[in-house]
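Below, each chain spelled out in residue letters.
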Amino acid sequence: MPELPEVETIKRGLEHFLIGKHITKVTVKTAKSFTGKSEEVVGHKVIEFKRRGKALLIGLDGNLWLMIHLRMTGQLIYIGEEKFAAGHPDKSFVEKMPGRHTRVIFEFDDASHLYFNDQRKFGFVKFVSKAELEKDPFLTKLAPEPWELTPEEFFARLQRRKGTTIKAAILDQSVIAGVGNIYADESLFFAQIFPGRKVADVSRAESGKLLKGIREVMEASIASGGSTMKDYVRADGTKGNYLEKFAKVFQHDGQKCLTCSNIILKTKIAGRGTHYCPECQK
Ligand SMILES: [Zn+2]
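Numbers given to residues run from 1 along each chain, matching the order in which its sequence is written. In view of the model being predicted, local features appear only for residues whose pLDDT reaches at least 70, and side-chain atom pairs are presented and counted only at 80 or more, with totals across whole chains, interfaces and linings using the full set of residues.

A. Layout of the overall build of the protein chain. Within the protein chain, the regular secondary structure consists of eight helices and twelve strands. Its C-alpha atoms give the protein chain a radius of gyration of 20 Å, near enough to 19 Å, the size a compact globule of 282 residues would have. In terms of principal-axis extent, the alpha carbons of the protein chain reach across some 55 × 40 × 30 Å. Going through the 282 residues of the protein chain one by one, you find that 41% of them count as buried. For the protein chain, the share of sequence-separated contacts (at least 6 apart) that also reach a separation of at least 24 residues comes to 60%. Each helix is a run of DSSP H or I of at least 4 residues and each strand a run of E of at least 2, with the numbering of both proceeding from the N terminus. Each radius of gyration is computed over the set of C-alpha atoms, and the globule rule expresses the reference value as 2.2 Å times the number of residues to the power 0.38. Residue burial here comes from a neighbour count, namely the number of other C-beta atoms, placed from the backbone, that lie within 10 Å of the residue's own C-beta, with 20 or more meaning buried, 12 or fewer meaning exposed, and in between meaning partly exposed. Throughout, a residue-residue contact means that the two C-beta atoms, derived from backbone geometry, are no farther apart than 7 Å.

Given below as structure tokens:
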């Protein structure tokens, strides 16, 4: 499942290929995957890209937006003179497009195409006006980005989830935007906090360190091209290698902690597979 750094990498890749192009045709193959009047997208020019949490926002002229969420199995494949494939990894990356799971196709004025594929159909493309986008329930519920929150605001937002574990709290998109399982485990290791600790027992100083950790692990991931395990392919078709290069606890269970040499453990916290060092994280 693509997380914030992966969506940011997708944004940067698509930006490079699509800004300035006009959309000449939109084909909706699965009605559930597209909200809005697809015929009204035609003729508009791509002018900007944004990201909010794990949502990709494509700005068109005329104050119009395409909002794309990949969810579990969504992928975006751009085919022009070059190819860009990102999101959920499967053999569609190397197959002829459109494929069996292609839900929406955008065609551009240089005859290039963008395919939105989604095997399980939890993802979506929404065509909305600027005003509708600003009122969109998905975006209005979303907390600020890690880089927009001050340590004080982050601590205050955590207090809304006092009774839960710190891992569950940072996975909550209304507390902080964009933190998924990998980044939760890595940032809690950075801050030396046991993921199962109650929010009420996390001090102000610790929450400050945790926010710093969230930013740092995400920045490192974006810099290395992002990754969701083995499943992410960059703009140039190569795989992101964030985990191999960077992860210190995620999927390191049974291996030695790089800090203290104790064995990294795996358990279930907040309903998710959770990796931690029992010595470094209390
Ligand atoms: Zn350790």
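B. A look at the nonpolar core. Residues L76, I170, I176, L188 and I214 are the most contacted members of the largest nonpolar core, which totals 70 residues. Two domains each donate at least three residues to this core, and these are domain 1 (4–140) and domain 2 (151–276). If we skip the residues at most four places from it in the chain, I170 touches V175, I176, V179 and A184. For this entry, the nonpolar core is defined as buried Ala, Val, Leu, Ile, Met, Phe, Trp, Tyr and Cys residues connected by C-beta atoms within 7 Å. Where each domain starts and ends comes from a domain assignment, either automatic or drawn from a database.

C. Fine view of the domain arrangement of the protein chain. What the domain assignment lists for the protein chain is domain 1 (4–140) and domain 2 (151–276). The centre of domain 1, based on its C-alpha atoms, is set 28 Å off from the matching centre of domain 2.

D. Seen up close, helix 6 (residues 181–190). With nine of its ten residues buried, helix 6 lies for the most part within the structure. Within the span of helix 6, buried status applies to I182, Y183, A184, D185, E186, S187, L188, F189 and F190. Buried positions along helix 6 lie against helix 5 (166–171), helix 7 (204–223) and strand 12 (272–276). Positioned one or two residues after helix 6, Q192 has a phi angle of 60°, which is positive.

E. Spotlight on the sheet that holds strand 1 (residues 23–28). In space, the five strands of this open sheet follow the order 1-8-9-6-7, with antiparallel pairing throughout. Only two strands of the sheet have a single partner each, and these edge strands are strand 1 and strand 7 (83–87). Across the sheet, the axes of successive neighbouring strands diverge by a mean angle of 10°, strand direction being ignored. For two strands to be treated as a pair, DSSP must find at least two bridges joining them. Bridge count for strand 1 against strand 8 (residues 102–108) is five bridges, and the pairing is antiparallel. Bridging from a neighbouring strand, I23 pairs with F108 of strand 8. Axis geometry follows a simple rule: fit a line to the C-alpha atoms, using only the stretch in contact for helices, then measure angles between N-to-C directions, giving values from 0 to 180 degrees.

F. Local environment of the sheet that holds strand 5 (residues 64–69). The strand order across the open sheet built from five strands is 2-10-5-4-3, with neighbouring strands paired in mixed fashion. In this open sheet, the two edge strands, each paired with only one partner strand, are strand 2 (34–35) and strand 3 (46–52). As judged from the six bridges shared by strand 5 and strand 10 (residues 124–129), these two strands associate in the antiparallel manner. Within the sheet, the bridge partner assigned to W65 lies in strand 10 and is V128. Those strands touched by helix 1 (residues 4–18) are strand 3 and strand 4 (55–60), and its axis lies near 180° from that of strand 3.

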